[in-house]
Amino acid sequence: MIFGARHLPEDGLFECYLAEHCGESLEPPAAEHLTDCAECRARYGDLRRFMDALRTEADSELDEIFPAERQRAQQQQIARRVEHLRHHARVISFPGRQPGQSAPIATSRVAHHWLGVAAAAGLVIGVGLGTAYYSQAPGREQQTVASQSIAAVEAPAPVAGPELVPDLVSSINEQFLSELELALERPHTSELVALDELTPHVREVRVKLR
Amino acid sequence: MSSENRTGTGAERGSAARAAGAGLGRTGASSASSDADRDRPPLAPTLSDDTRVAIEIRDLVAHGTLDTARERFAELVAVHQRRAMRIAYQYLHDPAEADEAVQDAFVKAFGHIESYREAWPFEVWFTRILINGCLDRRKARLRRARWFVSTDVAHVADARPAFGGAAALDPEARLLARERRARLAAAVDRLDGRQRTIFMMSHYGDCTPREVGAIMGLKESTVRVHLFRAARKLRGLLGGQP
């Protein structure tokens, strides 16, 4: 908007503001006019106040959201990230042979044989002992680790006498597992039928236990 | 920041990508000779302190002296951090996101320091990285907004916790300041993309019109026109009072 030939146009005033903002000198005619014309000086003052207020507002907002301690933290984070930036990925050597090591020779192959035999023997002995143990104590099947953990979560504080606890636990377990099974049985997905058939169901386990 | 040291900053992506030069002038847009003066290609300027440090860091990295390079880079971070945060926050209106954007920009600058050329002052180069990052984040936010319930920018800024501060103000003053800032942010957001970027570079990024022109590949006179229009629009939107 031009205020006649005697007054500075709006863009002329803005140029004055920009020059001042950037630390430059005003154009001599504009500077002279601002000195002489009170109206333009007042308009220029309004413009400058508005622009300065925008900047002041931004600065105070930044001070609020980004105090000095936050700046330091950011510097440290940047330093940490920069430190990791040019580190090549560390290759962890596969356990066993080191890069300089030669291939294992016949002696280690003998050791591998013994290792296999020992593992197989341990497995057989373990299975045998386990079978014998459970066949001697049929009630123990109920006290699996899983049922113990479920009981620990599900069972309320044992207010009843100690002789009631196993029954209570087993009934809670059965109820819980049945609910689970019911929930799982509802949506039958054809692709999962084979898998479902391979999975032992709670009711089957229950029958076996009895 | 002295006017010699300052040299341009980021821009809307398309313009930034074809960034070229800007002129020198310092006088009114009405003068033809001034326009010609402004719009001539960039000078081979005397190197600013930051640019010299950046060149030094580039050489150190090239020679594998990374520890020293990192120490020198920390100096650059300290110098540009606050200005970078102000720009990023004005773009994103979210302290945490602005913090991330600034960190990412610095890390990216160090990571690509070998590609830095002194034809661009460090400040210009870095600010371009920062603004491109901010624009990417804004775009990502818009994409997310398509899938989630949109939230008003002012509300987002209110909801996100600041990193500290604000304790000195009483609740009423804080509320008033928050409203004022929300109004201001909404007004700046209503500027069109290029105008907004130019305004932010100039007003919040402390760049001269010449520097902004150098970043955006625009003539300095064009930058001045955009700045004037942005300021006029803001005054209209805010009723002359921020």
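Definitions and cut-offs
- Residues numbered from 1 in each chain as written.
- Chains lettered and ligands numbered in written order.
- Predicted model: local features only at pLDDT ≥ 70, side-chain atom pairs only at ≥ 80, totals over all residues.
- Contact = placed C-beta atoms within 7 Å.
- Helix = DSSP H or I, 4+ residues; strand = E, 2+ residues; numbered from the N terminus.
- Nonpolar A, V, L, I, M, F, W, Y, C, P; charged D, E, K, R; others polar.
- Core = buried A, V, L, I, M, F, W, Y, C linked by C-beta atoms within 7 Å.
- Buried ≥ 20, exposed ≤ 12 C-beta atoms within 10 Å, placed from the backbone.
- Expected span 1.5 Å × (residues − 1).
- pLDDT = per-residue confidence, 0-100.
- Axes fitted to C-alpha atoms, helices over the stretch in contact; angles between N-to-C directions.
- Parallel < 35°, antiparallel > 145°, perpendicular 65-115°, else oblique.
- Left-handed = near helix turned anticlockwise from the far one by under 90°.

Can you walk me through the interface of chain B and chain A in this structure?
A common way to report how large an interface is uses the accessible area buried once the components associate. Taken together, the contact pairs 45 residues of chain B with 40 residues of chain A. Counting only elements with at least two residues in the side of chain B that touches chain A, the list comes to helix H4 (66-92), helix H5 (95-111), helix H8 (171-189), helix H9 (193-204) and helix H11 (220-238) of chain B. Looking at the side of chain B that touches chain A element by element, the count peaks at 12 residues for H4(B). Split by residue class, the side of chain B that touches chain A holds 23 nonpolar, 12 polar and 10 charged.

Is there a simple way to think about the nonpolar core in this case?
Note on soluble globular proteins: their nonpolar side chains tend to be buried together. Ranked by size, the top nonpolar core spans 67 residues in total, and within it B:Ala88, B:Val102, B:Ala105 and B:Leu130 carry the most contacts. At 11 residues, the largest contribution of residues to this core is made by H4(B). Sequence-distant contacts of B:Val102, defined by excluding residues within four places in its chain, comprise A:Gln74, B:Gln81, B:Ala84, B:Met85, B:Ala88 and B:Leu130.

I keep staring at helix H3 (residues 49-62) of chain B and nothing clicks. Help me out?
For an α-helix, the turn length of 3.6 residues means that residues three or four places apart are oriented alike. Residue and element names in this part refer to chain B. An ideal rise of 1.5 Å per residue puts 20 Å on 14 residues; H3 measures up with 20 Å between its terminal C-alpha atoms. Of the surrounding secondary structure, the elements contacted by the buried residues of H3 are H4 and helix H6 (122-147). Looking at the residues trailing H3, positive phi occurs at glycine 64, about 80°.

Explanation requested: the confidence of the model for chain A in the structure shown.
Note: predicted coordinates in regions of low pLDDT should not be interpreted at a detailed level. Residue and element names in this part refer to chain A. In this model, chain A carries a mean pLDDT of 72, and residues with pLDDT of at least 70 account for 54%. For chain A, the element scoring lowest by mean pLDDT is helix H6 (residues 145-154), at 52; helix H4 (residues 68-85) scores highest, at 88. This model gives residues 158-162 a pLDDT under 50, and the stretch forms three contacts once residues within four places in sequence are excluded.

It is not clear to me how the packing of H4(B) against H5(B) should be interpreted in this structure. Could you clarify?
Between two packed helices, the angle of one axis relative to the other and the distance separating the axes together describe the packing. Residue and element names in this part refer to chain B. It is at 9 Å that the axes of H4 and H5 come closest, and there the two elements cross at 140°. Considering their axes alone, H4 and H5 lie oblique with respect to each other. You can see that H4 and H5 cross each other, and the crossing is right-handed. Note on element contacts: H5 touches H4 through Pro95, Glu97, Ala98, Ala101, Val102, Ala105, Phe106 and Phe110, opposite Phe73, Val77, Gln81, Ala84, Met85, Ala88, Tyr89 and Leu92. Residues belonging to the contact of H4 with H5 are distributed by class as follows: 14 nonpolar, one polar and one charged.

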